[in-house]
Amino acid sequence: MPDNPILDTGERRPKEAVCIDTKRIFDSCVSKDCLEDLRVTFFSRSQHLIDEAVTIKTRDCCIEEVSIDVEEVPFNRGFYSVDITFYFKLCFDTYAAPCTTPQVAIGFAQFNKKCILYGSDGDVKVFVSNPCSEELDCPVAPRYTNPAAKVQAVDPVILSTEICDCCDCNVSICTSFPKSILNAVEDTMPSCGASKAILVTLGLFSIVQMERDVQILVPAFDYCLPDKECCCNTSNPCETFKKIDFPVNEFFPVDREGGGCRPCKDEKSDDSEAEGE
């Protein structure tokens, strides 16, 4: 066993202290953005459905792509600016006449945001071996230890949808999208002569983290060996189905007010009353 310091956690004693190479979060921030009046970009077919529709309903909105750019902040060593561009995909149900089957129009919108986070210093170069390229003198280019930005976000909440004439819309339209979005769209012809425009207001929750590769000493208890055997018996599907619990919460809403622990503020107020007595 290596001669490393051993930590005692009480019930279970680690075997040794090991050094691991992982990512450490040096700085992070949380955002709650209200994106007002985002102009939705439609391609030829979808724009035609929007122009001919008498009623439009927003079906859903999802984050299709996120572009992240990290640059060092001048004269402020260790800090980095993170430029983030969100690309949203929106689906609309368009009705050409009342009581008709809706046609789906797909559009895209984008939102830019910027934040400054601390990412520490590090100017070393990292070289990694690559067995697949042993015939090359320099198999892998050096990787610099600049921090990496990580963005976590949930699909936005659709707060409102507004239809207006293109001549009355003062919001500029986005004309450039990543290739991954263009490759997923069947019709990429630009819309010309559009008469209607769609403005949406979205609520976006996101977390931005600044990470860097570091070596950390951690206590090791043992290797992670699973203690559960794989269930491979699929000869009788009904027996397998009987072992699945009934999804009660899918049919009945959970009562969060009744039962369970009381809020912390109630406990504090009770304690203060007890001290007063």
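Criteria and thresholds
- Residues numbered from 1 in each chain as written.
- Predicted model: local features only at pLDDT ≥ 70, side-chain atom pairs only at ≥ 80, totals over all residues.
- Heavy atoms only, no water.
- Helix = DSSP H or I, 4+ residues; strand = E, 2+ residues; numbered from the N terminus.
- Buried < 20%, exposed > 50% of the residue type's maximum accessible area, 1.4 Å probe, protein only.
- Contact = heavy atoms within 4.5 Å.
- Areas by Shrake-Rupley, 256 points an atom, 1.4 Å probe, with all protein chains shown as cover.
- Pairing = 2+ DSSP bridges.

## Here's the deal with the overall build of the protein chain
Part 1 of the argument: Within the protein chain, the secondary structure is distributed over five helices and 10 strands.
Part 2 of the argument: The burial tally for the protein chain puts 26% of its 277 residues in the buried class.
Part 3 of the argument: Sequence-distant contacts, at least 24 apart, represent 80% of the contacts inside the protein chain between residues at least 6 apart.
Part 4 of the argument: Summing over all exposed atoms, the protein chain offers an accessible surface of approximately 20100 Å²; the carbon and sulfur share of this is 52%.

## Brief notes about helix α1 (residues 44-52)
Part 1 of the argument: Looking at α1, one finds that the buried residues are S46, Q47, L49, I50 and D51.
Part 2 of the argument: Looking at the buried side of α1, the elements it contacts are β2 (41-42), β3 (55-72), β4 (79-95), β5 (103-118) and β10 (196-220).

## A few points about the pairing of β3
Part 1 of the argument: Both β3 and β4 contribute to a ladder of 16 bridges, which runs antiparallel. Bridging across to β4, D69 finds its partner in D83.
Part 2 of the argument: Hairpin connection between β3 and β4: a loop of six residues separates the two successive antiparallel strands, and F75 in this loop has a positive phi of roughly 60°.

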